[in-house]
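Read off the chains here:
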Amino acid sequence: MQPTLVVLESNSLLRETRVLALLLVGAMLGLGLPSQLRDMVGAVQDRGIWAVAVFAMVAALPGFAAWFWARAALGAAFEAPGRAKRGRNEPIDAAYRWLPRVYVILGTALAAIPLWRSESPGDCLPVWTLLACSSVLLLVTLRARIAGWLGIPVRTPHRAATHGALDAIGALFRAAPFGPACAWLLGVVLPLGFAMVAMAAPLWLGQWLPSASAGLAALAMMMGPLCILVFALDRIRVWEFRLPWVTFGLLALVILPSDWLLGSANSRQHAVAMQGPMLRDVHEGEHEDPRPDAREALAAWRTACAPGSQLPPVIIATAGGASRAALWTMTVLAELAHAEPDVFPRHIMAISAVSGGAVGAANAVAALSAAGGCGASDFGLHLAKMGRKALAVDPLAPMLLGLLTTDNIQRITAWPQQGLEVGFLPDRQVLLERSLAAGFDASLPTMWQAEAKGQHARPFLDLWRPGRNFVPYLLLNGTDVHTGRRVVVSSIRFAGRDNPPRFPGAYDALWIANAVPSLSGAVSNTNRFPIVSPAGLMKRADNPDNPLAMIDGGYFENFGARTAQDLIAASGVTAPIVIVISSDPEMAPLDVVRCGGARNTEKADVPPDPRAPVVQSLAPLLGLAATRGAHGEEALLDLMRTRCGDEDKGILPHFFHFRLVPGPGTAPGDKPRPAPLNWVLSEAVRKQIAEQARWDGENDREFQELRRTLAVLRAREAAGFLGQEAAP
């Protein structure tokens, strides 16, 4: 068949390269909009000179790949300018030559976005990146001369693509710069190899390609296969009509198989891995839940940690916020243990945690078990050091690689997830679990390693098995997609002995599943971050075909306050000390729920001043987002109610709130800099968070109030005026 001559038109040029344009625009939005990016470059520099060199090299790849495939697509689809027999148009001929050059400029400019948005780009990284991108621009500009020096023939396309997908791919490869061999390398070999390594060893690849580098490398690897696919699909015709094969292909290969056609097979996607049944056989046909209920948990804490003390227990609610929440939780717990070693961690009975706060709480509890439980010495000093080191990992890179590779294969093939947490095609949420567990193991002091190393891989309830040191109970809050209710992975049983459940409206995940996940798996079910993490499917023991779909606990409320309030009511304790740990530095100080704050006055019920007019098309989404935050504030207000004391009556405050506040700017006079909401934190941000516990102004006032309450309670106890669990 004779090649078909296509007259050059501007819309035709853009259409043939539209996949490259869409990828570049999407990458610009992805790099330009999220606020988390401002700290990722700093995290790259923390890894040393090799990470800087890798970032510089991969930063140049998208520009080169975009130029390469634009040249190939235009050369294969159109008669080259200078050889056209008709339809000559000098401006369009210029566009033919310059469009690939525009793509290389846009592609290399992608590297400038994270450098421009970074608050600490450093000196070395911008220079190396500039050199790498300049090298690509020189290669593109002087390609003919370089090819001549190397003895490589420069190919000038002179024929258009024929009908048929295979002929189109052949024409595309023949029209590629530097020949078909280079097209095979960039379009097939390298992307396939990259995908195989990303699926087989995502954690290893994530160490070499930190988050920003992994994203740019994946973008460059995607350009070739997608360009080949779209170019071929465009040339498939049915009865001489060109159909929108690209749209049909995406719908058929991605959406239909996994979500509609497979039905119940889709329930195997992103299944939560369990390690065995929870219920114990007592008699034939009878089973027993090994966990204590809330009253039994209170008695167990009193017996193990405070047998001769009448001081009330401490209940902690720690909020979500990715790695910054995890580090802030560990930092606050460490500072409390360091400043008041007789009270913390001895008097902490339980911790209700959400998302990133659950990571910090689990790390602290696992370390406390190895340190000796209630009788741990120097726990605060060691935990503070652990926090900065444990959260130095980069779990986002392997998760991003899994999102782009493993997840797409699973969606197309419905590859089951059960049992794949230790093999090929691992669930990307498992990669988050492994990364955070590796960070915990690496941060352990030498004397705790024998006991605590590998604790995240052991069953969740292993921390409370008979014979181990007593540690605070954990209640880890997630959300069910179908009902919007809390799903709590708890070491405390919700139902009392022969009593109905005492946590209204919440699912007891372990009871429903009759199975126990690992510690990291239990934490993972509460920190399923939007978009980054998938919803985890936990099978019901009584109805396996109707699993719970677990997402981040912050969807319900981000403080863990509702579960803490339910625990206090279920245990029967009348005057616990409640400590809230939150990590939202963007919150205005007047909006913080704490005793003596603006939210604890009548003014809190006054509607705010009128603001900008609401965009009607966005009103439902804005309302949903605001409602989620209001639910958390209401839960905190309920938790604080009756616990702020009364100076005139001698009643002490029993509610304390430690909030992560914005850190100082990089230079004198700069605005305060909030820590980014991200799973990746640079050393500068980790240091900023750790130093805030020494303490900043508002948290220092809160800490002094806590110390005053504890001092008075001790004095009353010594004088015999403090009754067990009685209000002071």
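Just so we're clear, the structure is a prediction, and the values are computed from it rather than from any experiment.

Draft legend 1. A look at the overall build of the protein chain. Along the backbone of the protein chain there are 27 helices and 13 strands. Each of the 728 residues in the protein chain was classed as buried or not, and the buried ones make up 52%. Considering only residue pairs separated by 6 or more positions, the protein chain has 80% of its internal contacts joining residues 24 or more positions apart. For the protein chain, the computed accessible surface area is about 32,000 Å², with 61% contributed by carbon and sulfur atoms.

Draft legend 2. Highlighting the state of the cysteines. Scanning the model with the defined rule gives two disulfides in all. Residue Cys-305 pairs covalently with Cys-374 via a disulfide, S to S 1.6 Å. Of this pair, Cys-305 sits in helix H14 (residues 294-305) while Cys-374 sits in the loop between helix H16 (355-371) and helix H17 (379-390), placing them 69 residues apart in sequence. Side by side, Cys-305 and Cys-374 carry an identical accessibility label, which is buried. Disulfide pairing is shown between Cys-595 and Cys-644; the S-S distance is 2.1 Å. Taking the torsion about the sulfur-sulfur bond, which here is approximately -90 degrees, the covalent link between Cys-595 and Cys-644 counts as left-handed. Of this pair, Cys-595 sits in the loop between strand E12 (577-582) and helix H25 (619-640) while Cys-644 is found in the loop between H25 and strand E13 (655-659), placing the two residues 49 residues apart along the sequence. Just as Cys-595 is buried, Cys-644 falls in that class too. Here the bonded cysteines of the protein chain are numbered in sequence order, and their pairing is 1-2, 3-4.

Draft legend 3. Representation of the pattern of salt bridges within the structure. Counting across every chain of the model gives 18 salt bridges. Ionic pairing is found between Glu-296 and Arg-493, a salt bridge with its closest N-O pair at 3.7 Å. With Glu-296 in helix H14 and Arg-493 in the loop between strand E8 (486-490) and strand E9 (506-508), this residue pair connects regions lying 197 residues apart in the sequence. Where Arg-388 meets Glu-683, a salt bridge forms, and the shortest distance between an N and an O atom there is 2.3 Å. Taken together, the residues Arg-388 in helix H17 and Glu-683 in helix H26 (residues 683-691) connect sequence positions 295 residues apart. Taking relative accessible area as the criterion, Arg-388 reaches 28% and is therefore assigned partly exposed. Overall, the relative accessible area of 29% leaves Glu-683 in the partly exposed class.

Draft legend 4. Representation of the packing of helix H18 (residues 396-404) against helix H20 (residues 428-443). Axis separation between H18 and H20 bottoms out at 8 Å; the angle between their running directions is 165 degrees. On the basis of the axis angle, H18 is roughly antiparallel to H20. For H18 against H20, the interelement crossing comes out right-handed. Residues Pro-398, Met-399, Gly-402 and Leu-403 of H18 touch H20, and the partners they reach there are Arg-428, Gln-429, Leu-431, Leu-432 and Ser-435. Split into classes, the residues belonging to the contact of H18 with H20 amount to five nonpolar, three polar and one charged.

Draft legend 5. Representation of the nonpolar core within the structure. Formed by 124 residues in total, the largest nonpolar core has its most connected members in Phe-344, Phe-460 and Ile-579. Element by element, the count of residues in this core is highest for H16, at 11 residues. Non-local contacts of Phe-460, meaning those with residues more than four positions away in its chain, are made with Leu-474, Leu-476, Val-489, Ser-490, Ser-491, Leu-510, Val-516, Pro-517, Ser-518, Leu-519 and Ala-522. Leu-24, Val-58, Phe-194 and Leu-401 belong to the second-largest nonpolar core, a separate cluster that totals 61 residues.

Draft legend 6. Molecular detail of the packing of helix H15 (residues 322-339) against helix H27 (residues 697-718). In the contact formed by H15 and H27, the axes pass within 12 Å of each other and the chain directions differ by 40 degrees. Judged on the interaxial angle alone, H27 and H15 are oblique. With respect to the hand of their crossing, H15 and H27 are arranged in right-handed fashion. Residues Trp-328, Leu-336 and Ala-339 of H15 lie in contact with H27, whose contacting residues are Asn-699, Phe-703, Leu-706 and Arg-707. The class makeup of the residues in the contact of H15 with H27 is five nonpolar, one polar and one charged.

Draft legend 7. Examining empty space enclosed by the protein more closely. Applying the stated rule across the entire model yields four cavities of 30 Å³ or more. By volume, the largest cavity amounts to about 80 Å³. If you go around the largest cavity, the residues you meet are Leu-333, Ala-337, Phe-344, Pro-345, Ile-348, Ile-351, Ala-364, Val-365, Leu-368, Phe-379 and Pro-472. Those elements giving two or more residues to the lining of the largest cavity turn out to be H15, strand E6 (348-354) and H16. Sorting elements by how many residues they give to the lining of the largest cavity places H16 first, with three residues. Classifying every residue of the lining of the largest cavity gives 11 nonpolar, no polar and no charged. The volume enclosed by the second largest cavity comes to roughly 70 Å³. In this structure, the second largest cavity is lined by Val-359, Leu-432, Glu-433, Leu-436, Ala-437, His-456, Ser-520, Val-523, Ser-524 and Asn-527. Counting residues per element, the ones that place at least two in the lining of the second largest cavity are H20 and helix H23 (519-524). Looking at the lining of the second largest cavity element by element, the count peaks at four residues for H20.

Basis of the calculations
Residues numbered from 1 in each chain as written. Predicted model: local features only at pLDDT ≥ 70, side-chain atom pairs only at ≥ 80, totals over all residues. Heavy atoms only, no water. Helix = DSSP H or I, 4+ residues; strand = E, 2+ residues; numbered from the N terminus. Buried < 20%, exposed > 50% of the residue type's maximum accessible area, 1.4 Å probe, protein only. Contact = heavy atoms within 4.5 Å. Areas by Shrake-Rupley, 256 points an atom, 1.4 Å probe, with all protein chains shown as cover. Disulfide = S-S within 2.5 Å. Salt bridge = Lys/Arg side-chain N within 4 Å of Asp/Glu carboxyl O. Axes fitted to C-alpha atoms, helices over the stretch in contact; angles between N-to-C directions. Parallel < 35°, antiparallel > 145°, perpendicular 65-115°, else oblique. Left-handed = near helix turned anticlockwise from the far one by under 90°. Nonpolar A, V, L, I, M, F, W, Y, C, P; charged D, E, K, R; others polar. Core = buried A, V, L, I, M, F, W, Y, C linked by side-chain atoms within 4.5 Å. 1 Å grid on protein atoms, 1.4 Å probe; cavity = no way out; pocket = protein on both sides within 12 Å on 5 of 7 lines; lining within 4 Å. Points joined across faces, edges and corners; volume = space filled by probe spheres on them.

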